[in-house]
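Structure assessment
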Amino acid sequence: MQELVDSLVADGFVPGGLPLWVAYLGAMLVFGGIVVFVFILPIAGITTWVERRVAGRIQSRIGPNRTGPAGFLQWLADGIKSVLKEDIVPSAADVPLFKLAPYVVMTGFVAAFVVVPFGGPLIIADLNVGILYLTAVTALVVVGILMAGWASNNKWSLLGGIRSAAQIVSYEIPAGLSILPVVMLAGTLSMQGIIGHQGWAPWTWHVFDNPFTFFAFFILFVSALAEGNRTPFDLPEAESELVMGFATEYSGLRNLLFFMAEWGNLYVIGAVVTTLFLGGWQIPLALADHPVPRIVLQFAIFFAKAYFWVFVAVWLRWTLPRIRVDQMMIMCWKYLVPIAFVNFMGTAVWMVLFPAGVPAVRVLLSLTAAGLLVAFARRVVFHVRRALLTREELSFNPLSTARVMSRG
Amino acid sequence: MSLTGFEVEIQREVDGGLTTEDMTLSMGPQHPSTHGVLRFVVRADGEVMKEAIPDIGYLHRSIEKISEKVGWHGFMPYTDRVDYVAAMFCNQGWAMAAERLASIEVPKRAEYCRIIAAEFNRIQSHLLSVGSMAMDIGAYTPFIHTVREREYINDLIEELCGARLTFNYMRIGGVAWDIPPGWREKALSFLERFEPLIDEYNALISYNKIYTERLRNVAAISAQEAIDYNLVGPNLRGSGVRYDVRRDLPYSVYPELDFDVPVGSGELGTLGDCFDRYMVRMREMKESCKILRQCLAQLPQGPVIAKVARNFKPAAGDCYVRIESARGDMGWYVVSDGTAFPHRCKIRTGSFAAMSIIQKVSRNLMIADLIAVIASFDLVAPEIDR
């Protein structure tokens, strides 16, 4: 980043006499704008489309398929619709807070992308406190949600806001405790440094480093789901209980911002677990010599890994019910926090006992994970096959919505 | 009750002189999970309810009064609206009451047609109930899956009587239409497909860990309490009381049929909790399939409607007819004064009976539990108010 601006200044692209910091600021704004509008907003939008298509398949229906090929442009249509809708502010609301809340949520979410390493050189700022910064700014979301819940002057919103505050603050702890083993292993908080400590091969990833990090990975993922208000932890906006939780009174663009942050956060979750545990953008060096294909490949592998976890979160959402608010707290404090702490201590002990790591354990854990994946995939294939076999022309009414297409 | 698993006692009293206030929440009449327009006034301390007082009457349409104005035949379509999720039973109750007053003998085939339609309707109603229960707990997919199967039943019933929701299928003295040709095979092929699906639903959601934790030990009602509060149908059977009008006060052709009456056993927690009520419905669907197979196998030949005068005037008198609706013991008290219009009609419904106990069981539950309780009672708002 900085080198780029420096070279531009040296080449005379920046008008003379302009202070250097203005050039830096301008470059930051331009680059930030590009990232926000070219990557973050589309990724949040497209994730809504992916979610609805996947949900459609899970629920034996089709999902959006009218706007664009396979309904791909549905997210744009929905976004435009939301923007054009009336922005209603309840007369009894605390107006400044009510209006500010979505932007706070959005800021917390967008600021997280500053340290997301999309590829080798593709990172906005490789802060030396990267992962700490990330946990800090994503906690900003809870401030916005609490503001929204309070300012709406609606009891359902308030309950949603309170639930959200309790939930996000509680789940920060197991999430933080699960990040610590990785930080100890890599010896750095920097995102690029953590990725640099891992290799392209699965057995060099942090998740397979020792049994403790293996469990820490799952705890981090579960905690991240809870922080992102995703099922089974979608209590703050529990539709069947709290109408729409903290977003009940919001409409139009402000409502859209809340949900964009929610879906965009899914990608952040994926990016974080990929960076910390799954080798990030590492690819075999032999694959590409030239920097451009190498960066493209790195970006692609990082995106694929991160998006896989988005898909898992979507799958979970349409499979699991929602837990109750007391169960949510018990799960955090009685189960996740102690286990995460054991993982943290265990990793420390492991590092003392085996400073160089144990290759056999790494390979064994990788094979275990691969075995689990294969078993799961076989089960999925079995069920899909069975569903296809039992499909019959059962509906008798040509106009019925339940008409099942026969095979072939 | 011992504290196991996720269960905890939540400290509700604040020590040290900090004053707290209760919050009064108005849940409904427009709330996503009150199953129609139904209102609860919830007095809550944070997330814990001190009480939930049901406020009914938002869907009152004076159906009983209408019966006094439209005549005996003319009231049949209105009965559909008493409980639109299980309209066949209301049809049947009204028809049986009129027949008993006028001492009409219903043809055998008509009785079988009625039972077939009613049992399909029971499956349909229970599917909606278990599906929306899962949806209220937060799992959307089971709802879509159960509604998918419900659509097939809708198709079957549409072919039978031309309507998908408010059937208006039965008539005083029989049924409106005979079973169309080829319908029996379609019904059997549906049952063939549907019966294994009940096990699939159980695998999909019923024994899901989160789901059972949400339902077990919540709002447990003992057998004595259930009887005291006059619960009926699956709500009563969920508490372990084996009472089913079809078996204990048999009507129509039920004595000729062989079926079980599933009751709750407290398999995962306390007897009579939300999970028991839920599982009773799941198991009743299997029993309904059994009844349907028998009915479809022994369907006799003959007319489907007795000769009933167009200007129907039953003898003066009164009668009380009980049928087992999808929501339990449904009572029809009809008084005739010998004219072409009923003198009075009183309908007793299962959902209304269940409303009275909600205030008692909802004490000290979480707000999220109230949703589960409403769903587990299978409340249908129009049936409460009529």
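The rules behind these values
- Residues numbered from 1 in each chain as written.
- Chains lettered and ligands numbered in written order.
- Predicted model: local features only at pLDDT ≥ 70, side-chain atom pairs only at ≥ 80, totals over all residues.
- Heavy atoms only, no water.
- Pairing = 2+ DSSP bridges.
- Helix = DSSP H or I, 4+ residues; strand = E, 2+ residues; numbered from the N terminus.
- Axes fitted to C-alpha atoms, helices over the stretch in contact; angles between N-to-C directions.
- Contact = heavy atoms within 4.5 Å.
- Domains from an automatic or database assignment.
- Buried area = accessible area lost by both parts, 1.4 Å probe.
- Salt bridge = Lys/Arg side-chain N within 4 Å of Asp/Glu carboxyl O.
- Core = buried A, V, L, I, M, F, W, Y, C linked by side-chain atoms within 4.5 Å.
- Buried < 20%, exposed > 50% of the residue type's maximum accessible area, 1.4 Å probe, protein only.
- pLDDT = per-residue confidence, 0-100.
- Patch = residues over 30% accessible without salt bridge, like charges linked within 9 Å, V, L, I, M, F, W, Y side chains within 5 Å.
- Areas by Shrake-Rupley, 256 points an atom, 1.4 Å probe, with all protein chains shown as cover.

1. As for the sheet that holds strand S2 (residues 39-45) of chain B
All names here are of chain B. Here we have three strands laid out as an open sheet, ordered S1-S2-S3, and antiparallel in their pairing. Looking at strand neighbours, the two that pair on one side only are strand S1 (23-27) and strand S3 (48-55), the edges of this open sheet. Ignoring strand direction, the axes of neighbouring strands in this sheet form an average angle of 20°. Across seven bridges, S2 lies against S3 in antiparallel orientation. Bridging across to S3, Val42 finds its partner in Ala52. In the packing of helix H12 (residues 350-361) onto the sheet, contacts are made with S2 and S3, and the angle to S3 comes to roughly 155°.

2. Quick word on the domain arrangement of chain A
All names here are of chain A. Domain boundaries in chain A define domain 1 (1-84), domain 2 (85-354) and domain 3 (358-408). Look at where the C-alpha atoms of domain 2 and domain 3 centre, and you get two points 28 Å apart. On the domain 3 side, the residues contacting the 12 residues of domain 2 number nine residues. Together domain 2 and domain 3 conceal approximately 920 Å² of surface at their shared face, both sides included; 75% is due to carbon and sulfur atoms. Between domain 2 and domain 3 we count one salt bridge in total.

3. Looking at the nonpolar core
Among the nonpolar cores identified, the biggest contains 120 residues, and Phe120, Tyr169 and Phe377 of chain B are the most heavily contacted of them. The element contributing the most residues to this core is helix H4 (residues 108-137) of chain B, with 14 residues. Of all hydrophobic cores here, the second largest spans 105 residues; its members include Ile131, Met147, Leu256 and Met260 of chain A.

4. With respect to the confidence of the model for chain B
With 95% of its residues at a pLDDT of 70 or more, chain B shows a mean pLDDT of 85. Between residues 1-12 of chain B, whose pLDDT stays under 50, and residues either more than four places distant or in other chains, the model counts 22 contacts.

5. Regarding a nonpolar patch on the surface
Residues and elements named next belong to chain A. Together, Leu73, Leu76, Ile80, Val83, Leu84, Leu100, Tyr103 and Leu253 give the surface a local cluster of nonpolar side chains, amounting to about 710 Å² of exposed area. Elements with a contribution of two residues or more to the nonpolar patch: helix H3 (74-84) and helix H4 (95-111). In terms of residue count, H3 provides more of the nonpolar patch than any other element does, four residues in total. With respect to the helices and strands, the residue Ile80 is situated in helix H3.

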